[in-house]
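In case you want the letters, here they are:
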2 protein chains.
Amino acid sequence: MQIDRIKYQGYKDKIITAEQAAALFKDKMTVGSSGFTKAGDSKAVLPAFATRAANEDIAITLITGASLGHTTDSDLARADALYKRMPFQVDSVLREKINNGSVFFIDQHLSETAELLNNKHLPPLDIAIIEASQIDSQGNIIPTTSIGNSATFAKLANKVIIEINTSIPINFKGIHDIVIPGEYPVRDILPITSVNTRIGKEYIHVDPEKVAGIVFTELPDSPAQETSSDDKTEAIANHLITFFENEVKSGRLTESLLPLQAGIGKIANAVLSGFSKGNFKHLTMYSEVLQDSTFELIDSGIMDFASASSITVSKSCYDHLMANFDDYKDKIILRPQNISNAPEVIRRLGVIAINTAIEFDIYGNVNSTHITGSKMMNGIGGSGDFARNAYLSIFVCPSVSKQDNAISHVLPMVSHVDHTEHDVDILVTENGLADLRGLAPRERALQIINNCVHPDYREVIQSYYERACERGGHTPHLLEEAFSWHLNYVNNGTMKALCTAENS
Amino acid sequence: MQIDRIKYQGYKDKIITAEQAAALFKDKMTVGSSGFTKAGDSKAVLPAFATRAANEDIAITLITGASLGHTTDSDLARADALYKRMPFQVDSVLREKINNGSVFFIDQHLSETAELLNNKHLPPLDIAIIEASQIDSQGNIIPTTSIGNSATFAKLANKVIIEINTSIPINFKGIHDIVIPGEYPVRDILPITSVNTRIGKEYIHVDPEKVAGIVFTELPDSPAQETSSDDKTEAIANHLITFFENEVKSGRLTESLLPLQAGIGKIANAVLSGFSKGNFKHLTMYSEVLQDSTFELIDSGIMDFASASSITVSKSCYDHLMANFDDYKDKIILRPQNISNAPEVIRRLGVIAINTAIEFDIYGNVNSTHITGSKMMNGIGGSGDFARNAYLSIFVCPSVSKQDNAISHVLPMVSHVDHTEHDVDILVTENGLADLRGLAPRERALQIINNCVHPDYREVIQSYYERACERGGHTPHLLEEAFSWHLNYVNNGTMKALCTAENS
C-alpha cells in the first residue's frame, strides 16, 4: 500500500497529483530538486512542470544535486521552462540551449551549491522537490538512491514537495548519513576521520508545516549506460595500475592505497575495474558516485567500504543491489554532496582522485568542461573539489579521438582551464603516464610530450615547445599560435597538418 | 649574552660560523629554509652558501615558506646556486633566471608544500635551516617572525641548522602555535573553530641528534616597503567598503564581517586600512601575513584578533611591535602555513579572501602569476588556498597601468589561469565592483564590462563580447582574437587601437 510509506499522520491529507504539485510553481521561482547523476531525481513533478510549461510562458531557476535522469532536462529545456540551471547537467537538448545563450547555466563545484544557498549568495529557494522511499513518524524524509543537496533544499525552501517512489524497496534505508554544517560565524567540525564514519541522521529533517504536497511515483532511476572497455581505456587502466603498484613498492602507499574517488563514465569504470587485477586489498572509496565497478570490487572482496552521494548503476547492478540490499548495507554510505565533496574531509582522508579530462596541455592545465573554449559539455562536477584537495590528483583521457585521430586531447594550451597546473599530479592517456610531481613547467612539458601525446602529434607539439622555449618564460608559450590546433579543427575539421601554420 | 639564548646544554658545543654551516651543503641537496614573506628567513647561512657557490660548481633545491628577504634570492641566483626553487619568490634576479629557464621554479599553493614533503611527493630533505629567537631546555626551537614550513622541515630533514637571531627580543614568544597534521591514512582533525583557537605547541620540536650546528646572527628582517595609497587604491578600497556596508545592511553579514584574509602589497594594505572608515567592529583576521594595516586596525580597536603565518611590516611598525610586544601578545597568533592556509579551516571559519590579480577576463578567470602568458612574476602564493575555500573570494587590481593606459588588466581572455571562474565572487578595479555571485558567464561579462573595464577599453571589449556571442557558446570566445591584446602589447607596446585587428 502506498499509504503505508507515510508514517506521519499529518501528511495523509497532503497527497496530490504531480500536476497539482507543478501548479504550485510560479514564473521566476527558484526550485531545488533532488537528483544526482541521474539517481534519486524528481520523476513526477518536474516532468509535469515541463508539460505545463510547454503551453505557458513560465520559467524557473532549477538547482539540483547534479544531472537528472530520464528526459527531464530535455523536456524542461524544450518547453523553455528553465531560466537558469545549476550546478551540472549532461543533457543534449539542454546543452544546446545553454550554448546558444537561451538558458543561463552556472557551472559549480558540486560541494559549493549548498554553501552558496546557505550563505544567501544565491536567490532564496521557493520550492524543494525531494524523492523519498518513505516518511517517518516525525514527517522526515528517508531519501532514495542519492542525497545531493536535498537536505539543504529541505531546510531552506519555503515549500517542500515530497515524491514517494514506491519502486524503492521499503528496506532501502540506514545507508544515508545526513548532516548540515552550521551557520557562520560558528560552524562545526566535520568529524569524518574514515570513509565509514557516521556523523548524522538517517533521514532528512523537514518541517511538516512546509510540506505542500506528497506525490507518488513508481518510476525507477534511469540506468547508467553499460560500458564495455576498449583498447584505449584498458591501456589507461593498465598504466594506472602499474603506477599504483610502483607506489606500493616504493613504500609511499600500502596495498590498501588511500580512499579512491573516480569520476563517472567509461574510463573511470575501467580504471576501477582494473584494481581487481593488481595485488590490492581492503580498498576504500570516498567519492561522489557508486558505479558498477564499485559493486564489482565489493563483490570480489577487494573493496571494504564505499562512501558517495549517489548510486548510479546499470539496470542489472541496480536490480541485484535492491534484491540483496541487506548484504551491502554495512559496506556503503550516502552523504550530502557538500560532505562527500568537502575539502576538509578530502584532504584529511588523503583521497586519490581520478577524473576525466576533455583536454590537457603540455604544462598540466586541464579543461574538463568546454569544447574549443566556448561550448559547455557537462560541467566541472566534483572534479575540482577532489583534484585540489587530493593526496594525488589524476586526470585521464584518450590522446586522440575522431577518424584519422583528427582531435588531439593533448595540446599546446587548453582552450579553457578548470584545473590549473598547481592541482594536477598525474596525467594518463593510452600512450602512457606523466608523473608531474615535483616538476617545474619545462620538466612537465617533456614528461607529457614523451609519455602522453599521440605519435601523430608528437613532432608538432615538440616543435611548438622548442620554439616557445627560444622565446623564454617560466611557462613558454607562443600566444599567437597557442590555439592554432583548435582553430584548425574548427576551420578544417582536423588538428593535423596545419597545426604549426598561422591561425585560420 | 648570546649563549643565554640556548637553554639546552647539548647544543652549547654546536655553535659554528655561517661559513662552517654552508660547508655542510653538497651539490644537488634539497634544503628547506625558514622565511615567509621576508620574515624569519635565514640571514646568515643562505648568504654564506651564496658566497661559497659563487666560486664553486654547486647548486641545491631550495624550499622555503614563501619569499626571502634582503638580497638572499638575488645572491643565490647570481651564484648559480639554485637548481630548483619553490614555492614562491619575489626577487628580480631570481625571476630573470626562472624566466630564462636556468632555475626550475615550482609555483605552489602555499598550503601544499608541507603536504608534498610529508607525502614524499618531493625529494627527501637533506638540510633544514631555521631561524630561532632562542632554544628551550629540551632543544626545541622558539621561532621568530614567521613559521612557514619550518616545523615540517625540522621534522623531515636529515640535519638541522638553527640560526639564533639576537635582534629578536627575548620576550618575543607565546604567539606561535605549532602543529603538524598526522601521517596518512590516519590524520587528525584540525580543531580550529575560531581565529584564536590554539591547537599546538609554542615551539618547533627538533630531535637534538639532528642538529648539525647553531649559528648566531643579529640582522633584523628586511622591512616591508612603506606604501602610500594613491587615487586608484583608494577607489578600490572605497568600492569594497561600500560593498561590505551593503552586505551588513542586507543581513548577510554582521558589522564584525567574517575573518579577513588579504594578500600583501599596496592595494591590500589600502583595503584593510579602509575598514577603519566604516562602522565595522570586532573584526578578525585569518590570513597569511600580518601587515602594517593589521596593527593599525588593532591599535584603533577595530580588530580584535589576527592569525597568520608571518609578520611582515615596515621598520617603524616592527620597532613599535618589538618594543611593545606584551601589548600585542594576546591579539596575534602565528601558525604553520599549512594551517594558516588549510582548506579545512578556511571553509569552516568562512574567511573573506581579498587578493590581487595581475589580470582578469570578462568571465571572471584570474591570472595571478604570469605576464603575457609565459613570464613568471612572483607566484600564486596562498591566493588559491583562500579563494577556493572562502566565504567570499575577492580579487582586486587597477583597470589599467603604464603611460597612456597602455595595459588593460581586464581582458577578453587571461593569458594564464590561476583562479578559474568557479572560484571568483567579486572583482574590483578603481572603476567599480562586479558582483558575480549567482551569475552565468554571459551575465558576468556584462557586470565586468559595465563596472570594471577602463573607459578607454570599454568599447573594444564590448565589441569582442558581442561578436563572440554571435558565434555562440556558454562562454563565448573568438579564439583567434582572444590573445590579440597581449600580442599587441608585446609587438607595439600597447593594448590599444589594434586590439580588434588580427594577431600581430
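Rules and cut-offs
Residues numbered from 1 in each chain as written. Chains lettered and ligands numbered in written order. Predicted model: local features only at pLDDT ≥ 70, side-chain atom pairs only at ≥ 80, totals over all residues. Heavy atoms only, no water. Contact = heavy atoms within 4.5 Å. Buried area = accessible area lost by both parts, 1.4 Å probe. Salt bridge = Lys/Arg side-chain N within 4 Å of Asp/Glu carboxyl O. Helix = DSSP H or I, 4+ residues; strand = E, 2+ residues; numbered from the N terminus. Pairing = 2+ DSSP bridges. Axes fitted to C-alpha atoms, helices over the stretch in contact; angles between N-to-C directions. UniProt positions renumbered as here; feature names shortened; annotations may be inferred. 1 Å grid on protein atoms, 1.4 Å probe; cavity = no way out; pocket = protein on both sides within 12 Å on 5 of 7 lines; lining within 4 Å. Points joined across faces, edges and corners; volume = space filled by probe spheres on them. Nonpolar A, V, L, I, M, F, W, Y, C, P; charged D, E, K, R; others polar. Parallel < 35°, antiparallel > 145°, perpendicular 65-115°, else oblique. Left-handed = near helix turned anticlockwise from the far one by under 90°.

For chain A, an unreviewed UniProt entry supplies the name Succinate CoA transferase and the organism Flavobacterium rakeshii.

## Some remarks on the interface of chain B and chain A
On the chain A side, the residues contacting the 75 residues of chain B number 75 residues. Each partner contributes to the roughly 6400 Å² buried at the junction of chain B and chain A, and carbon and sulfur atoms together form 56% of this total. Applying the counting rule to chain B against chain A returns 6 salt bridges. Between Arg347 of chain A and Glu112 of chain B there is a salt bridge whose closest N-O contact spans 3.3 Å. Of the residues forming the side of chain B that touches chain A, the biggest block, 5 residues, is contributed by helix α13 (residues 343–349) of chain B.

## Observations concerning the sheet that holds strand β3 (residues 82–86) of chain A
Residues and elements named next belong to chain A. Read across the sheet, 7 strands follow the order β4-β3-β2-β1-β5-β8-β9 without closing on themselves; strand pairing throughout is parallel. Taken across any chain shown, the strands that pair with only one partner, and hence form the sheet edges, are β4 (104–105) and β9 (211–217). Across 4 bridges, strand β2 (residues 60–63) lies against β3 in parallel orientation. Pairing of Ile63 across the sheet is with Met86, part of β3. Where helix α2 (residues 45–54) meets the sheet, it contacts β1 (30–33), β2, β5 (127–132), β8 (159–165) and β9, and its direction lies at approximately 115° from that of β8.

## Here we look at the UniProt feature "domain: Acetyl-CoA hydrolase/transferase N-terminal" (unreviewed entry) in chain A
Listed under "domain: Acetyl-CoA hydrolase/transferase N-terminal" (unreviewed entry) in the UniProt record, and renumbered for this structure, are residues 8–215 of chain A. Across residues 8–215 of chain A one finds 21% helix and 18% strand; the C-alpha atoms that close the span lie 15 Å apart.

## Quick word on empty space enclosed by the protein
All chains considered together, the criterion is met by 12 cavities of 30 Å³ or more. Roughly 330 Å³ of volume is contained in the largest cavity. Around the largest cavity sit 28 residues that line it, and His422, Val424 and Asp425 of chain A together with Glu112 and Leu116 of chain B are the ones nearest its centre. Contributions of two or more residues to the lining of the largest cavity are made by α14 (383–389) of chain A together with α5 (113–118) of chain B. Counting residues per element, the lining of the largest cavity draws most heavily on α14 of chain A, at 3 residues. When grouped by side-chain class, the residues that make up the lining of the largest cavity number 10 nonpolar, 8 polar and 10 charged. Approximately 230 Å³ is the volume attributed to the second largest cavity.

## Some words on the packing of helix α7 (residues 231–250) of chain B against helix α8 (residues 266–274) of chain B
Axes are the key here: two packed helices are described by the angle between their axes and the distance separating the axes. Residues and elements named next belong to chain B. Orientation of α7 relative to α8, taken along the N-to-C sense of each, is 45°, at an axis distance of 8 Å. In terms of orientation, α7 and α8 fall into the oblique class. Here the hand of the crossing between α7 and α8 comes out right-handed. Across the interface between the two elements, Thr233, Ile236, Ala237, Leu240 and Ile241 of α7 pack against Lys266, Ile267, Ala270, Val271 and Gly274 of α8. Classifying every residue of the contact of α7 with α8 gives 7 nonpolar, 2 polar and 1 charged.

## A few points about the sheet that holds strand β17 (residues 359–361) of chain A
Residues and elements named next belong to chain A. Across the sheet, 3 strands lie side by side as β18-β17-β24; this open sheet has mixed pairing. Because the sheet does not close on itself, it has two edges, and the strands there are β18 (366–367) and β24 (410–411). As paired elements, β17 and β18 share 2 bridges and run antiparallel to each other. Note on β18: the bridge partner recorded for Glu359 is Asn367.

## Focus on the UniProt feature "binding site: CoA" (unreviewed entry) in chain A
Residue and element names in this part refer to chain A. Within the UniProt annotation, "binding site: CoA" (unreviewed entry) is assigned to Ile358, Asn378, Gly382 and Lys402. Maximum C-alpha separation among the annotated residues is 27.1 Å over a sequence range of 45 residues, too wide for a single clustered spot. By the element assignment, Ile358 lies in the loop between β16 (352–356) and β17. With residues up to four places along the chain from it excluded, the contact list for Ile358 reads Asn367, Ser368, Thr369, His370, Ile371, Met377, Cys397 and His409. By the secondary structure assignment, Lys402 is in the loop between β22 (400–401) and β23 (407–408). Sequence-distant contacts of Lys402, that is, excluding residues within four places in its chain, are made with Ile407 and Tyr489.

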